[in-house]
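# Summary of the model geometry
Given next are the chains, with one letter for each unit.
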Amino acid sequence: MEKKRSLKIITALCLVVMGIAFRTIWHPGDNIEFVTTAAFLAGAYLGWRWSIFVPLTIMVITDLIIGNTNIFVFTWSAYIMIGIFGFLGLNNQKSKIIRATGIGIAASAWFYIWTNFGVWMMDSWGMYPKTVTGLLQAYFFGLPFLKLNLLGNIFFVPLSFFIVEKAKNLNIGFFKKLAI
C-alpha cells in the first residue's frame, strides 16, 4: 500500500513539473497548455484528490512566476473542475484515449465559458460594459483563445493517454502499476 502511495506522489509531482514547464519554458502559445492533460491523467490514474491537487498546484506556482490578473479565481476554479470532470469521466474506464479526447473538447468549452465570464465580470480595465452585449463581446473576443485551447487539448490529451496506455500494456516500468 505504501509503495502504491509513493508511486502516486511521484507521478503527481511529474505531472506538476511537466505542467509548470509547459506554462513557463515550453509554452507553445496562448491557451495551448498541458494543465488539462495533467488534470485528466491525475483523475484517471491517481484519484480525485490528485485531480484537484495537480492542476491547482500547477496554476498557483506558474501564476507566481508569470503572473495573472484578478480573474485567477476563474482560471484556477476552471482547472479544478476540469480535474474533477477527468476523474468522474475517466476513472475505471477501459478505453480512455477517445473518451479523454471528448472530455478534453468539453473542458475547452467549459474553460472558455467560465473564464470569459470572469473576464467580463471582473473587468477592471473597462473593456466590456456590464450588459448582455458586453458579455457577448467578451465571448466573441475570446474565440481565438478557444480555438488555440481546443487545438492544444486535441493534441496533448490523446497523445498523453496513448503514451500512458501503451506503456501500461507493454508493462513498461512503473506504468504497469499505475491505476487507481
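Here is a short report on the structure shown in this document. Every chain's residues receive numbers from 1 upward, in the order its sequence appears when written. Only residues with pLDDT of at least 70 are given local features in this predicted model, and only at 80 or more are side-chain atom pairs given and counted; all residues enter the totals for whole chains, interfaces and linings. By convention in this description, side-chain values take in all heavy atoms of the structure and omit both hydrogens and water.

## Points about the overall build of the chain
How we decide: Numbering of helices and strands starts at the N terminus; helices are DSSP runs of H or I of at least 4 residues and strands are runs of E of at least 2. The globule rule used here is 2.2 Å times the number of residues to the 0.38 power, and the radius of gyration it is set against is calculated over C-alpha atoms. Think of it in three bands: residues with accessible area under 20% of the maximum for their type are buried, residues over 50% are exposed, and the middle band is partly exposed, with areas taken using a 1.4 Å probe on protein chains only.
Assigned secondary structure in the chain consists of seven helices and zero strands. Along the chain, helices (α) and strands (β) appear in the sequence α-α-α-α-α-α-α when read from the amino end. Over its C-alpha atoms the chain spans a radius of gyration of 17 Å, differing by no more than 12% from the 16 Å that the globule rule assigns to 180 residues. Seen through its C-alpha atoms, the chain measures out along the principal axes to roughly 55 × 30 × 25 Å. A total of 180 residues make up the chain; the buried ones form 46% of that total.

## What to know about the packing of helix H5 (residues 96–121) against helix H6 (residues 132–141)
What counts here: Axis lines are fitted through C-alpha atoms, for helices just across the contact stretch, and the angle between N-to-C directions can take any value from 0 to 180 degrees. In these notes the angle categories are as follows: under 35 degrees is roughly parallel, over 145 is roughly antiparallel, 65 to 115 is roughly perpendicular, and the rest is oblique. Put simply, a crossing is left-handed when the front helix is turned counterclockwise from the back one by less than a right angle, and right-handed when it is turned clockwise. Every residue pair with non-hydrogen atoms within 4.5 Å of one another is taken to be in contact.
Between H5 and H6, the least distance of the axes is 9 Å, while the angle of their chain directions is 125 degrees. Relative to H6, the element H5 lies oblique. For the pair H5 and H6, the sense of crossing is right-handed. Across the interface between the two elements, Tyr112, Ile113, Asn116, Phe117 and Trp120 from H5 touch Gly134, Leu135, Ala138, Tyr139 and Phe140 from H6.

## Points about helix H4 (residues 72–90)
Stated formally: Given a helix with a known number of residues, its expected span is that number minus one, times 1.5 Å.
Helix length check: H4 (19 residues) gives 26 Å between terminal C-alpha atoms against 27 Å at 1.5 Å per residue, within 8%. Among the residues of H4, Phe74, Thr75, Ala78, Tyr79, Ile82, Gly83, Gly86, Phe87, Gly89 and Leu90 are the ones counted as buried. The inward-facing, buried residues of H4 contact helix H2 (35–45), helix H3 (48–66), H5 and helix H7 (143–169). Taken from the residues just after H4, Asn92 is the one with a positive phi, measuring 60 degrees.

## A word on a nonpolar patch on the surface
Our working rule: Candidates for patches are residues over 30% relative accessible area with no salt bridge; among them, like charges are joined within 9 Å and nonpolar side chains (Val, Leu, Ile, Met, Phe, Trp, Tyr) within 5 Å. Where accessible areas are quoted, they stem from the Shrake-Rupley method and a 1.4 Å probe; at the residue level, only the protein chains shown are allowed to cover. Should a side-chain nitrogen of Lys or Arg be within 4 Å of a carboxyl oxygen of Asp or Glu, the pair is scored as a salt bridge.
Taken together, the side chains of Ile61, Leu64, Ile65 and Ile66 define a hydrophobic patch exposed on the protein surface, amounting to about 400 Å² of accessible area. Within the secondary structure, Ile65 is located in helix H3.

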